[in-house]
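Fold and contact review
Chain residues, written in single-letter form:
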Amino acid sequence: MVPMTLSLPIDPEANRLLERSPLALLIGMVLDQQIPMEKAFSSPYVLAQRLGHEPDARELAEYDPEALVEIFARPPALHRFPKAMAGRVQEVCRALVDRYDGDAARLWADVTDGRELLRRVGELPGFGKQKAQIFVALLGKRYDVRPDGWREAAGGYGEPDAYRSVADITDPESLRRVREAKQAAKAAAKAAKG
């Protein structure tokens, strides 16, 4: 992977892990729901600290499920739903082992176009359309993974000057703008429900 410009207000070592480890980046995306994105994307680093090394997909796929839940639940928990998310991370790692020989980067390494990339990401456990589009945008905007049609596949998240997701965060100002956009979207959704 190329050096990225994603810059979250988290431990610098956690950011560096996201730069060098495709699996850490993918785990951060898996965890990025119902918790602040900073927590989601710093948790792969905390997981590595608790294991004593950077894990690989095969190790996590084969890990004792109860022991993995304990690692996720240890205070401070890696997610507000440690049992569910430990299981989800394990499911994603099993899919990586089954389909990509345990190499998270192979998920996107040889795709022919953006549609194929979106399809592959969307086939991972827990990745609905929106989460898959955000990850495609993150790969394109911050990691230079840009097969033909990647912006279209990412939908609104792929727009160059969007401030909609983690894919758009490069500094404190962009983080503020993403937060404002998320709050506005939640308010609009709430108002639509009446």
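In short, a report on the structure.

Thresholds applied
Residues numbered from 1 in each chain as written. Predicted model: local features only at pLDDT ≥ 70, side-chain atom pairs only at ≥ 80, totals over all residues. Heavy atoms only, no water. 1 Å grid on protein atoms, 1.4 Å probe; cavity = no way out; pocket = protein on both sides within 12 Å on 5 of 7 lines; lining within 4 Å. Points joined across faces, edges and corners; volume = space filled by probe spheres on them. Helix = DSSP H or I, 4+ residues; strand = E, 2+ residues; numbered from the N terminus. Nonpolar A, V, L, I, M, F, W, Y, C, P; charged D, E, K, R; others polar. Axes fitted to C-alpha atoms, helices over the stretch in contact; angles between N-to-C directions. Parallel < 35°, antiparallel > 145°, perpendicular 65-115°, else oblique. Left-handed = near helix turned anticlockwise from the far one by under 90°. Contact = heavy atoms within 4.5 Å. Salt bridge = Lys/Arg side-chain N within 4 Å of Asp/Glu carboxyl O. Buried < 20%, exposed > 50% of the residue type's maximum accessible area, 1.4 Å probe, protein only. Core = buried A, V, L, I, M, F, W, Y, C linked by side-chain atoms within 4.5 Å.

Counting across every chain of the model gives 1 cavity of 30 Å³ or more. In this structure, the largest cavity encloses a volume near 60 Å³. Around the largest cavity, the lining residues are Leu 17, Ser 21, Leu 23, Ala 24, Ile 27, Pro 44, Leu 47, Glu 54 and Pro 55. For the lining of the largest cavity, the leading source of residues is helix α2 (residues 22-31), giving 3 residues.

Once that is clear, we can look at the layout of surface pockets. Approximately 660 Å³ is the volume found for the largest pocket. Secondary-structure elements contributing two or more residues to the lining of the largest pocket are α3 (37-51), α9 (129-143) and α11 (172-193). Among the elements that make up the lining of the largest pocket, the one with the highest residue count is α11 (6 residues). Residue composition of the lining of the largest pocket, by class: 9 nonpolar, 5 polar and 7 charged.

This part covers the packing of helix α5 (residues 65-73) against helix α6 (residues 82-100). Axis angle and axis distance: for two packed helices, these are the angle between their axes and the distance between the axes, and together they describe the pair. Interhelical geometry of α5 versus α6 gives an angle of 125 degrees and a closest axis separation of 8 Å. Comparing their axes, α6 and α5 come out oblique. As for how α5 packs across α6, the hand of that crossing is right-handed. Where α5 abuts α6, its residues Pro 65, Leu 68, Val 69, Phe 72 and Ala 73 lie against Pro 82, Lys 83, Met 85, Ala 86, Val 89, Gln 90 and Arg 94. For the contact of α5 with α6, a count of residues per class yields 9 nonpolar, 1 polar and 2 charged.

Our focus in this paragraph is the environment of Val 30. Its location among the elements puts Val 30 in helix α2. Excluding residues within four positions of it along the chain, Val 30 makes contact with Met 85, Arg 88, Val 89, Val 92, Phe 127 and Lys 131.

Of note, the bond from Pro 75 into Pro 76 is cis; its omega dihedral lies within 30 degrees of zero at -10 degrees. Its identity is not glycine, yet Gln 34 carries a phi of approximately 65 degrees, on the positive side. Of note, the phi angle at Asp 144 is positive, near 60 degrees, even though the residue is not glycine. By the element assignment, Asp 144 lies in the loop between α9 and α10 (150-153).

Under the definition given, this model contains 16 salt bridges. Residue Arg 120 is joined to Asp 110 by a salt bridge in which the shortest nitrogen-to-oxygen separation is 2.9 Å. You can see Arg 120 sitting in helix α8 (residues 114-122) and its partner Asp 110 sitting in the loop between α7 (106-109) and α8, a full 10 residues away along the chain. The buried category is assigned to Arg 120, whose relative accessible area is 9%. Residue Asp 110 is classed as exposed on the basis of its relative accessible area, which comes to 52%.

With that settled, consider the nonpolar core. Counting residues in hydrophobic clusters, the biggest one holds 63 residues, and the most contacted among them are Leu 26, Phe 41, Leu 60, Phe 127 and Phe 135. Among the elements that take part in this core, α6 stands out by supplying 9 residues, more than any other. Apart from residues lying up to four places away in sequence, Phe 127 is in contact with Leu 26, Met 29, Val 30, Val 92, Val 121, Gly 122, Ala 132 and Phe 135.

All we've got here are geometric facts, nothing functional implied.
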